[in-house]
Amino acid sequence: MGKLIVSLSPHAHGNDTVERNMYGVMIALLPALLVSFYYFGIGSAIVCLTSVTACVFLEWAINKFVLRNDRCTILDGSAALTGLLLGMNLPSNLPIWIILIGALFAIGVGKMTFGGLGQNIFNPALVGRCALLVAFPAQMTTWPVAGQQMAYTDAVTGATPLSIMKTAIKDGDITVLKDLPDSFSLLIGNHAGIGAGTIGEVCALALLIGLAFMLWKKIITWHIPVSIIGTVFVFSGIMHLADPIYADPVSVILSGGLMLGAIFMATDYVTSPMTPKGQLIYGVCIGFLTIIIRNWGAYPEGMSFAILIMNAFTPLINNYVKPRRFGEEVEK
């Protein structure tokens, strides 16, 4: 029998479990998922169902046949949540075989390579998404127009709000921005005949409802989402005032995957800092990197890459903001 090591008091008991938090996040994603079914129809259902099923199966198979581990981990909800987040970060017309490759990268490379839940360095769903973005840039940047409920791979596609913003900056043509939907339309997901982006980013209001639920249930704290959104608002506002070629800050916040990333991806327990101060630093850096990549990077969207970059800095942030130790002086 192994030795039981008890840490110093005080000891506090709570009702938090892995299952409670994982399934809680999935419940918070339901409004955005239901809205995506309304806007994308069968395409959204196929992509999300395929992604969740593939991620759960791959975690079981890797545990069983590669790691030779008989312990079942698929019921804790982490694999299903990874699959759901991956699916919501994909276009609704993505072929099934590409989704399966993304699931393999998310679970096989992003999670199980590091030892499974709690040991991964990077957000697994974003590892899968960015791997597909690099490997299949054409398919991953072809965006269906919302409202085609029965269309899947043959859906009509169009430019997204972020693509329009990128074109305006690249061409130096402010008149391009007139094609952007107004802020209220972006909030509710009415993209007025242009590409709607990934499945999970179509409706900012649904994502905000999910944020309110997670804050109420104390699944996450406000520090990371608010610091990311606030940083993007400030810097994009400064740039818009300096040169109107850059879109207004409200449109920037409501466009693309910023809300999805700030609320559901950057707040991942394993890959984000542990202390409130660390989370604020982490969020500000993600917001700043997102603006840089969106405006001057190769891709219109920068949220996924910004989160993965800051995932790598999380141990350094934790070390920088670790609380002062009291009691016996420890030798250096």
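Reading guide: rules and limits
- Note that residues are indexed from 1 along each chain, following the sequence as it is written.
- Selection of residues for local features in this predicted model requires a pLDDT of at least 70, selection of side-chain atom pairs for listing and counting requires 80 or more, and totals for whole chains, interfaces and linings are taken over all residues.
- To get the side-chain values, all heavy atoms of the structure are used, and hydrogens and water are removed first.
- Salt bridges are identified by distance alone: a Lys or Arg side-chain nitrogen within 4 Å of an Asp or Glu carboxyl oxygen.
- Counting from the N terminus, the helices are DSSP H or I runs at least four residues long and the strands are E runs at least two residues long.
- Should any heavy atoms of two residues lie within 4.5 Å, those residues are counted as being in contact.
- Here, nonpolar core means buried Ala, Val, Leu, Ile, Met, Phe, Trp, Tyr and Cys residues that are tied together by side-chain atoms lying within 4.5 Å of each other.
- Only protein chains enter the accessibility calculation, which uses a 1.4 Å probe; a residue whose area is less than 20% of its type maximum is buried, one above 50% is exposed, and one in between is partly exposed.
- Two distance rules govern patches: like charges are joined within 9 Å, and nonpolar side chains (Val, Leu, Ile, Met, Phe, Trp, Tyr) within 5 Å, applied only to residues with over 30% relative accessible area and no salt bridge.
- Note on areas: Shrake-Rupley with a 1.4 Å probe; residue coverage comes only from the protein chains shown.
- Classification of ring pairs uses Phe, Tyr and Trp, with its six-membered ring standing for Trp, and accepts pairs whose centres are within 6.5 Å; under 30 degrees between planes counts as stacked, over 60 as edge-to-face, and the remaining range as tilted.
- Charges are assigned to positions over rings by a cutoff of 6 Å between ring centre and Lys NZ or Arg CZ, combined with an angular limit of 35 degrees from the ring normal.
- For helices, the axis comes from a line fit to the C-alpha atoms of the stretch in contact; other axes are also lines fit to C-alpha atoms, and the angle between any two N-to-C directions lies between 0 and 180 degrees.
- In what follows, roughly perpendicular refers to angles from 65 to 115 degrees, roughly parallel to angles under 35, roughly antiparallel to angles over 145, and oblique to any angle outside these ranges.
- Left-handed describes a crossing whose near helix is turned anticlockwise from the far helix by less than a right angle; the clockwise case is right-handed.
- Residues are grouped as follows: nonpolar covers Ala, Val, Leu, Ile, Met, Phe, Trp, Tyr, Cys and Pro; charged covers Asp, Glu, Lys and Arg; every other residue, Gly included, is treated as polar.
- Cysteine sulfurs are considered disulfide-paired once they come within 2.5 Å of each other.
- Given a helix with a known number of residues, its expected span is that number minus one, times 1.5 Å.
- What qualifies as a polar contact is a pair of N or O atoms within 3.5 Å, subject to a donor-acceptor requirement within protein and to the restriction that residues adjacent in sequence count only when both atoms come from side chains.

Undergrad: Mind laying out the pattern of salt bridges, listing which residues take part and the relevant values?
TA: A side chain of one charge can pair with a side chain of the opposite charge when the charged atoms of the two come close. Evaluation of the coordinates by the stated rule reveals three salt bridges. Linking Asp179 and Lys178 is a salt bridge whose minimum nitrogen-to-oxygen distance equals 3.9 Å. Between Arg294 and Glu301 there is a salt bridge, and its shortest N-O distance comes to 2.9 Å.

Undergrad: Requested: an account of the side chain of Gln279, with residues and values cited.
TA: Position of Gln279 relative to the elements: it lies in helix H13 (residues 276-296). Setting aside residues up to four positions removed in sequence, Gln279 forms contacts with Thr221, His223, Ile224, Ser227, Pro273 and Met274.

Undergrad: Mind laying out the nonpolar core, listing which residues take part and the relevant values?
TA: By size, the foremost hydrophobic cluster in this structure holds 87 residues, and its most contacted members are Leu29, Phe264 and Ile286. Setting aside chain neighbours within four positions, we find Phe264 in contact with Val25, Ala28, Leu29, Leu85, Leu207, Gly210, Met214 and Met259.

Undergrad: If you had to explain a nonpolar patch on the surface to someone new, which residues and values would you point to?
TA: A cluster of nonpolar side chains, namely Phe233, Val234, Phe235, Ile238, Val250, Phe288, Ile292 and Trp296, defines an oily patch on the protein surface of about 710 Å² accessible area. Every element with two or more residues in the nonpolar patch is listed here: helix H10 (223-242) and H13. With four residues, the single largest contributor to the nonpolar patch is H10. Within the secondary structure layout, Ile292 lies in helix H13.

Undergrad: Describe the packing of aromatic side chains, naming the residues involved and giving the relevant values.
TA: Per the stated rule, a full pass over the model turns up eight aromatic pairs. Where Tyr299 meets Phe305, the ring centres are 5.6 Å apart and the plane angle is 25°; that geometry is what we call stacked. With relative accessibility at 25%, the residue Tyr299 sits in the partly exposed group. One aromatic cluster is present, formed by Phe57, Trp60 and Phe65 through successive ring pairs. Lying over the aromatic face of Trp216, Lys217 brings its terminal NZ or CZ to 4.5 Å of the ring centre.

Undergrad: Lay out the environment of Ile107 with the relevant residues and their values.
TA: By the element assignment, Ile107 lies in helix H4 (residues 96-109). Along the primary structure Ile107 and Asn319 are separated by 212 residues, whereas in three dimensions their C-alpha atoms are 27 Å apart. In this structure, Ile107 is in contact with Cys55, Leu58, Glu59, Ile62, Thr82 and Met112, ignoring residues within four places of it in sequence.

Undergrad: Could you give an account of the packing of helix H9 (residues 204-216) against helix H12 (residues 258-265), naming the residues involved and the relevant values?
TA: Contact geometry of H9 with H12 gives a least axis separation of 10 Å together with a crossing angle of 15°. Classed by the angle they form, the pair H9 and H12 counts as roughly parallel. With respect to the hand of their crossing, H9 and H12 are arranged in left-handed fashion. Residues Ala204, Leu207, Leu208, Gly210, Leu211 and Met214 of H9 form the contact with H12, whose own contacting residues are Met259, Leu260, Ile263 and Phe264. Among the residues forming the contact of H9 with H12, the class breakdown is nine nonpolar, one polar and no charged.

Undergrad: Describe the state of the cysteines, naming the residues involved and giving the relevant values.
TA: Applying the stated criterion across every chain yields a total of zero disulfides. Counting only cysteine sulfurs, Cys48 is the nearest neighbor of Cys55, a cysteine outside any disulfide, at a range of 11 Å. On the basis of relative accessibility, which here comes to 0%, the residue Cys55 falls in the buried class. Sulfur of Cys203: no disulfide; nearest cysteine sulfur belongs to Cys48 and is 15 Å away.

Undergrad: Explain the environment of His191 to me, and be specific about the residues and the numbers.
TA: The residue His191 is located in the loop between helix H8 (183-188) and H9 in this model. Separated by 22 residues in sequence, His191 and Phe213 have C-alpha atoms that sit 26 Å apart. Excluding residues within four positions of it along the chain, His191 makes contact with Pro161, Pro181, Leu186, Ala196 and Val202.

Undergrad: How would you sum up the environment of Met88? Please name residues and give values.
TA: Among the structural elements, Met88 can be located in helix H3 (residues 78-88). Each C-alpha atom of the pair Met88 and Gly193 lies 20 Å from the other, and the pair is 105 residues apart in sequence. In contact with Met88, other than residues within four places in its own chain, are Leu29, Ala32, Leu33, Cys48, Thr198, Ile199, Gly200, Glu201 and Leu260.

Undergrad: Would you mind going over helix H5 (residues 124-135) in detail, with residue names and values included?
TA: Taking 1.5 Å of rise per residue, the twelve residues of H5 would be expected to cover 16 Å, and the 17 Å separating its terminal C-alpha atoms lies within 8% of that figure. Summarising burial for H5: ten of the twelve residues are buried, a large majority. For H5, every residue scored as buried is listed here: Pro124, Ala125, Leu126, Val127, Gly128, Arg129, Cys130, Ala131, Leu132 and Leu133. Where H5 is buried, its residues meet H3, H4, helix H6 (137-140), H12 and helix H14 (303-320). Sitting at the amino-terminal end of H5 is Asn123, which places a side-chain oxygen 3.1 Å from the backbone nitrogen of Ala125.

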